[in-house]
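For reference, the chains in residue letters:
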Amino acid sequence: MEAVAGPVVYQKLVLWDPSLGSDEEEEEEEEETSELVAPYPWRPQDSLGKVGGLPGAWARLVAALLLLAVGFSLAARQLYTSGDPTGSLGSAAPRPGGHSHHPGVYHHGAIISPAATCSHLGQELLVAGGNVVDAGVGAALCLAVVHPHATGLGAMFWGLFHNSTSGRSTALTSGPAQTLAPGLGLPSALPALRLLHTHFGRLPWPRLLLGPTTLAQEGFLVDTALATALAARGTKGLCPLLCRTDGTPLRPGARATNPKLAGVLHTAALTAAPALAGDALLSLLLRDLGLQGPSSGPTPTLEPAVQLAVPQGILSTTPSPSAGPELLAMLEAALHSGGPSPDPCPPLPQAPVTPVGSVLATIDSSGSVLLLTSSLNSSFGSGHLSPSTGVLLSNLVAQPTTSAWACPLILHGSPDDAEADVLGLVASGTPAVAKVMTHALLSHLAGPQSQAQHQHQQGLTPSTSVCGQGTLLQVAVQAEHTHVSSVPSGCCTFQGF
């Protein structure tokens, strides 16, 4: 596909978030800008003699000084843009050729995750020659270290990978939830992520674990999300990992380490096969709990995505035991009804525990996408911290619980679809987020005018999250540019190159 020289128009994800809905400049067309870095210092006929009446030696000196100034200017700009600690400004700074974009728009590839550290790590893997699977798996392992309240090696994973080269979409599932001990789920993250990487990754497996292992060993800074979860839950069972010396929770900016988890990750980096990736972890967990091995280990699978044909292309999602089939049924019913899309925020069911999870997405400008969602079920899972591994086990132990989770969804546009080559949505939260995803996709399919009209009729809710119960990420490719956005707008960090 040839690059498009004209302006790129992109409708950013807007789901009743005031900070997104009021930002008109994000909806404007992308503009081409140019910048004159330095005046051209000489004319061809003067290059061997005089410039503006100066002797040839002076001309060469002036030219050299001007080139030196330009070099320093470009170097300073590079240092400034590469040193951005937030990673959320996208490619807003002008590129060397004078091409610039709004935040969240990138030329080559991008990653969006709940932790800035992990978004940067994923970007490094992309720059190092990795693909979207390498970046996504590396970021997921990073989140397992820095966000133990929402994900981890004890979590279950669901994923959806769309390969733009083959045009195929593949689903990753951890298999049915299994019980390790009463109230404790059997860990399946390592074998699941290793399986995904073995089939679709490009970089060596140890390269993906280098960053997470270093963070666990040398320490990471507690961010607001983790500190908030700690303050709400308390530190019972989590000391000394996430506590100060007086037993109180770590605050934002404090440094935490998890050397036992670093050891597990280091061992996992040396495994030769996906089936062995979680064996060392499982043996240590069994020793901690004084248990014999389970009758069967984790059973992650890679299988063709469940799909639904729509006029705009093909919808793909994950099979059971995720909520994927239910999600497609909702979409099909809404499309056939011809009526308005379902209420995005229906009354929430009464439940003793609100599910907690993590989401991330990676995408490149060719249209390859990886969407991952993981769950410990509740904040910090079971609250059982394994002393030999530094791993928090989940309390997600029954298959019906997994159906409460929304799943990844990809729309692969038809060849004549000029609006978007590929669109990906991934969310985590209560069953209500499946309806939110349905509404978001139907609004996208309806086009910008219908979407704006519907938003005007519905109005903006004061909630700063998806129905107050989750997170929704969107990635898209349009005219060979990658786009990323999230709801709530401040929940996640964009990083691209």
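What you see is a predicted model, and the numbers here were worked out from it, not measured in a lab.

Peer 1: What should I look at first to understand the packing of aromatic side chains in this one?
Peer 2: The relation between two aromatic rings is expressed through the spacing of the ring centres and the mutual angle of the planes. What the rule picks out here adds up to one aromatic pair. Ring centres of phenylalanine 161 and phenylalanine 200 lie 4.8 Å apart, and the angle between their planes is 50°; on these two criteria the pair is classed as tilted. On the criterion of sequence distance, the pair formed by phenylalanine 161 in strand S3 (residues 156-162) and phenylalanine 200 in helix H5 (residues 189-200) is long-range, its members being 39 residues apart.

Peer 1: Explanation requested: the packing of helix H4 (residues 132-146) against H5 in the structure shown.
Peer 2: When two helices pack together, their arrangement is given by the angle between the helix axes and by the axis-to-axis distance. Packing of H4 against H5 leaves a shortest axis separation of 10 Å and a crossing angle of 165°. Judged by the angle between their axes, H4 and H5 are roughly antiparallel. In the crossing of H4 with H5, the sense of the turn from one axis to the other is left-handed. Contact residues: H4 offers Val133, Asp134, Val137, Ala140 and Leu141, while H5 offers Leu190, Leu193, Leu196, His197 and Phe200. Residues belonging to the contact of H4 with H5 are distributed by class as follows: eight nonpolar, one polar and one charged.

Peer 1: Could you clarify how one ought to interpret helix H8 (residues 259-269) in this entry?
Peer 2: All buried positions along H8 are accounted for by Leu261, Ala262, Val264, Leu265, Ala268 and Ala269. For H8, the buried positions fall inside an angular range of 160° around the axis, keeping them on one side.

Peer 1: Is there a simple way to explain the environment of alanine 231 in this structure?
Peer 2: Among the secondary structure elements, alanine 231 is positioned in helix H7 (residues 224-233). Judged by relative accessible area, alanine 231 falls into the exposed class, the value being 60%. For the pair alanine 231 and leucine 250, spaced 19 residues apart in the sequence, the C-alpha separation amounts to 8.4 Å.

Peer 1: Would you take a moment to explain the state of the cysteines for this structure?
Peer 2: By definition, a disulfide links the sulfur atoms of two cysteine residues through a covalent bond. This model, assessed by the stated rule, comprises two disulfides. The disulfide partner of cysteine 118 is cysteine 142, and the S-S distance across this bridge is 2.1 Å. Looking down the S-S bond of the cysteine 118 and cysteine 142 bridge, the torsion is -80°, so its handedness is left-handed. Pair noted here: cysteine 118 is in helix H3 (residues 116-127) and cysteine 142 is in helix H4, with a separation of 24 residues, a long-range link. Accessibility expressed as a relative area gives 0% for cysteine 118, which makes it buried. One disulfide in the model links cysteine 239 with cysteine 243; its S-S distance is 1.9 Å. Judged by the torsion about the S-S bond (-95°), the cysteine 239/cysteine 243 disulfide is left-handed. On the basis of relative accessibility, which here comes to 38%, the residue cysteine 239 falls in the partly exposed class. Note on cysteine 243: relative accessible area 11%, which makes it buried.

Peer 1: How do you make sense of empty space enclosed by the protein when you look at a structure like this?
Peer 2: If you roll a probe as big as a water molecule over the atoms, it shows you where there is empty space left. Tallied over the entire structure, the rule returns four cavities of 30 Å³ or more. Size it by volume and the second largest cavity reaches roughly 110 Å³. What lines the second largest cavity is a set of 15 residues, and nearest its centre among them are Ala144, Pro148, Asn258, Leu261 and Gly390. For the lining of the second largest cavity, a count of residues per class yields 11 nonpolar, four polar and no charged.

Peer 1: Just checking my understanding: could you explain the sheet that holds strand S1 (residues 105-106) for this structure?
Peer 2: Two modes of strand pairing occur in sheets, parallel and antiparallel, and in both the strands are linked by backbone hydrogen bonds. The sheet built from seven strands is open, its strands ordered S1-S17-S16-S15-S14-S11-S10 with antiparallel pairing. Each edge of the open sheet carries a strand with a single partner, namely S1 and strand S10 (306-310). Pairing of strand S14 (residues 409-413) with strand S15 (residues 422-429), which is carried by four bridges, proceeds in the antiparallel orientation. Pairing of leucine 409 across the sheet is with leucine 425, part of S15.

Peer 1: When you look at the confidence of the model for the chain in this model, what are you seeing that I'm missing?
Peer 2: Keep in mind that low pLDDT regions are not for reading the predicted coordinates in detail. In the predicted model, the chain carries a mean pLDDT of 75, and 68% of its residues have values of at least 70. pLDDT under 50 marks residues 70-96. Its contacts with residues more than four places away, or in other chains, come to 36 contacts.

Conventions adopted
Residues numbered from 1 in each chain as written. Predicted model: local features only at pLDDT ≥ 70, side-chain atom pairs only at ≥ 80, totals over all residues. Heavy atoms only, no water. Phe/Tyr/Trp six-rings, centres within 6.5 Å; stacked < 30°, edge-to-face > 60°. Helix = DSSP H or I, 4+ residues; strand = E, 2+ residues; numbered from the N terminus. Axes fitted to C-alpha atoms, helices over the stretch in contact; angles between N-to-C directions. Parallel < 35°, antiparallel > 145°, perpendicular 65-115°, else oblique. Left-handed = near helix turned anticlockwise from the far one by under 90°. Contact = heavy atoms within 4.5 Å. Nonpolar A, V, L, I, M, F, W, Y, C, P; charged D, E, K, R; others polar. Buried < 20%, exposed > 50% of the residue type's maximum accessible area, 1.4 Å probe, protein only. Arc of directions from axis to C-beta. Disulfide = S-S within 2.5 Å. 1 Å grid on protein atoms, 1.4 Å probe; cavity = no way out; pocket = protein on both sides within 12 Å on 5 of 7 lines; lining within 4 Å. Points joined across faces, edges and corners; volume = space filled by probe spheres on them. Pairing = 2+ DSSP bridges. pLDDT = per-residue confidence, 0-100.

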